[in-house]
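One letter stands for each residue in the lines below.
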Amino acid sequence: MISIEVTVNNNCYSLDIEPEELLVDVIRDRLRLTGTKKGCGTGECGACTVLIDGEPVNSCLYLAVRAHKKNILTIEGLGQPDKLHPIQQAFIKNAAVQCGFCAPGMQLSAKAMLDENPDPTDLEIREGISGNLCRCTGYVKIIKAIREAAEILRKGESI
Amino acid sequence: MLEEFGYVCPNTIEEAFSAMSKARPGQALLLAGGTDLIPELRSKEKKADCLIDLSKLNLNGIKCMNDKVIIGAVTTFRKLARDPIIRNELPILSDCANQIGAVQTRSLATIGGNLCTAAPSADSATLLMCLDAVLRLVSPTQERLVPVEDFFVGPRKTVLQDMEILTEIIVPLVQNRKTNFKKIGRRKTVCLSLINCAAALRIDEKGIIEEARVALGALAPTPMRAMEAEKLLVGKNPSLELFEEAGKIAMNEIKPTTSYRASAEYKRLLTEAVVKRTLEDSLSQFKPLAGKG
């Protein structure tokens, strides 16, 4: 057992972790944050994407013990049901969510990209989400939603 | 769920060696990004008594000195793609880094890990071969420098010995070197290379090719140089016809296998075309990708 301290969505946790535990399982099973999804287990679908110190990461490839002293953002930290993040609002408004399974990872990838590049071209948007697979929407509305969210965020409109 | 293993995160390379020596031979596996290792542990392709996390060994710096760029082995592709030294001095490496895996895997995957996993399709290997990169391998008793092209001995097999750690990738900076890298796959991201190709040409003041490198990946048991194609190019004026011929020669140097991805015959035809195009594009003005990776 290894003791770690990790911040998830601005909450600090002290956890005892076995080395072989994956971050995605700790987030889902221990912290009960089930917004982060398990898709492929091999880092190819992006459903498990979380932000670690602002960088998008496949949590299915990340040993939880490495999260010591890190700052993690899951989809639950992006917005609240009564106060959605502009990215979430834009996804809903643009029908960019169908089954919803890819959405948490997709939105966090979008956030990471927009944090770094607030005025992306369409190509840059596509590159930003290129690690997230969606089987439902065909991506067109996702890209539109991100474009719209980028504009809202640039204008500094409050969430 | 993964099977049980021990875990250490040493602060110095000596601590790492100590942990390696305490394990049974081959049972202490080095953990860099984990993007290859974790799936391998999950599928039970690999087993370990203990993982040794390299992230605190300060092997993730990039510096430029004495006409060489020195890259720490545990540098992520995300960092490599964005680093100002790489973008200024070796923009082709930034471009290559941006084509590996996906945004999320690049936050974890490291250049050293890519080389040490030693898949025949390893993207950074092909390019580093063209750049005449040299690898620093460190053990408790010695350090040795191994050219990238001598590092691979078979599919997923390298010359790394039991107690050795790859610490640095050293890339010499060369004047008038024009390079290009192409990765061909079924998708633009999140895919293993069906084939990849890197080319480097050094052109003299008269416009003649002084030196040539053509390297290919996923077309033989290891990443390889197309030496006959290279010999053809040296001493000649660059031209479309010359590059076409180089493609034809390279096509006969490779040892492709037929897999579910593509037949050997298709890979040969692909090689002919991709070698030609990579050589052509190495001459055109190169700009790093707009995106940061």
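Residues numbered from 1 in each chain as written. Chains lettered and ligands numbered in written order. Predicted model: local features only at pLDDT ≥ 70, side-chain atom pairs only at ≥ 80, totals over all residues. Heavy atoms only, no water.

With that settled, consider the pattern of salt bridges. Within this structure, the stated rule accounts for 29 salt bridges over all chains. Here Arg147(A) and Asp122(A) are joined by a salt bridge, their closest N and O atoms 2.9 Å apart. Residue Arg147(A) is found in helix H5 (residues 140-154), and its partner Asp122(A) is found in helix H4 (residues 122-128); the two are separated by 25 residues along the sequence. Lys231(B) is paired through a salt bridge with Glu228(B); the nearest N and O atoms lie 3.2 Å apart. Here Lys231(B) pairs with Glu228(B), and both are found in helix H9 (residues 227-233), just three residues apart, close to one helical turn. Here the salt bridges do not stand alone but share partners, grouping Asp132(B), Arg202(B), Glu210(B), Glu211(B) and Arg213(B) into one network. (Salt bridge = Lys/Arg side-chain N within 4 Å of Asp/Glu carboxyl O. Helix = DSSP H or I, 4+ residues; strand = E, 2+ residues; numbered from the N terminus.)

All names here are of chain A. The contact between helix H3 (residues 103-116) and H5 brings their axes to 11 Å, and the two run at 45°. Between H3 and H5, the angle falls in the class oblique. When you trace H3 past H5, the crossing you get is right-handed. In this structure, H3 contributes Met106, Ala110, Met113 and Leu114 to the contact, and H5 contributes Ile142, Ile146, Ala149, Ala150 and Leu153. (Axes fitted to C-alpha atoms, helices over the stretch in contact; angles between N-to-C directions. Parallel < 35°, antiparallel > 145°, perpendicular 65-115°, else oblique. Left-handed = near helix turned anticlockwise from the far one by under 90°. Contact = heavy atoms within 4.5 Å.)

Residues and elements named next belong to chain A. Both faces of strand E3 (residues 49-52) are covered, namely the face carrying Thr49 and Leu51 and the face carrying Val50 and Ile52. When E3 meets strand E4 (residues 55-58), the two strands line up antiparallel, connected through four bridges. Bridge pairing in E4 links Leu51 to Pro56. (Buried < 20%, exposed > 50% of the residue type's maximum accessible area, 1.4 Å probe, protein only. Pairing = 2+ DSSP bridges.)

If you look at the interface, chain B gives 32 residues, while chain A gives 30 residues. Both faces considered, chain B and chain A share a buried interface measuring about 2500 Å² in area, 58% of it formed by carbon and sulfur atoms. On inspection of chain B and its partner chain A, the count reaches three salt bridges. Inspection of the region where chain B meets chain A yields 12 residue pairs in polar contact (both at pLDDT 80 or more). Contributing elements (two or more residues each) for the side of chain B that touches chain A: strand E1 (6-8), helix H2 (37-42), strand E3 (50-53), helix H3 (77-82) and helix H6 (103-106) of chain B. A per-class count over the side of chain B that touches chain A returns 14 nonpolar, 10 polar and eight charged. (Buried area = accessible area lost by both parts, 1.4 Å probe. Polar contact = N/O pair within 3.5 Å; in protein donor to acceptor, adjacent residues only side chain to side chain. Nonpolar A, V, L, I, M, F, W, Y, C, P; charged D, E, K, R; others polar.)

What follows concerns unusual backbone geometry. The backbone of Arg32(A) sits at a positive phi, close to 60°, despite the residue not being glycine. For Arg32(A), a relative accessible area of 65% gives the class exposed. A positive phi angle, near 70°, is found at Ala218(B), a position not held by glycine. Mapping Ala218(B) onto the fold places it in the loop between strand E13 (209-217) and strand E14 (224-225). Judged by its relative accessible area of 16%, Ala218(B) is buried.

Turning to empty space enclosed by the protein, a few remarks are in order. Taking a probe equal in size to a water molecule and rolling it over the atoms shows the remaining empty space. Residues and elements named next belong to chain B. Applying the stated rule across the entire model yields one cavity of 30 Å³ or more. Here the largest cavity defines a volume of roughly 70 Å³. Lining the largest cavity, in full, are Cys130, Asp132, Val174, Arg177, Ala200, Leu201, Arg202, Glu211, Ala212 and Arg213. Of all the elements in the fold, those that place two or more residues in the lining of the largest cavity are strand E12 (195-203) and E13. A per-class count over the lining of the largest cavity returns five nonpolar, no polar and five charged. (1 Å grid on protein atoms, 1.4 Å probe; cavity = no way out; pocket = protein on both sides within 12 Å on 5 of 7 lines; lining within 4 Å. Points joined across faces, edges and corners; volume = space filled by probe spheres on them.)

Quick look at the environment of Gln175(B) now. Residues and elements named next belong to chain B. As for its placement among the helices and strands, Gln175 is situated in the loop between strand E10 (165-172) and strand E11 (177-184). For Gln175, a relative accessible area of 63% puts it in the exposed group. Sequence-wise, Gln175 and Asp204 are 29 residues apart; in three dimensions their C-alpha atoms are separated by 9.7 Å.

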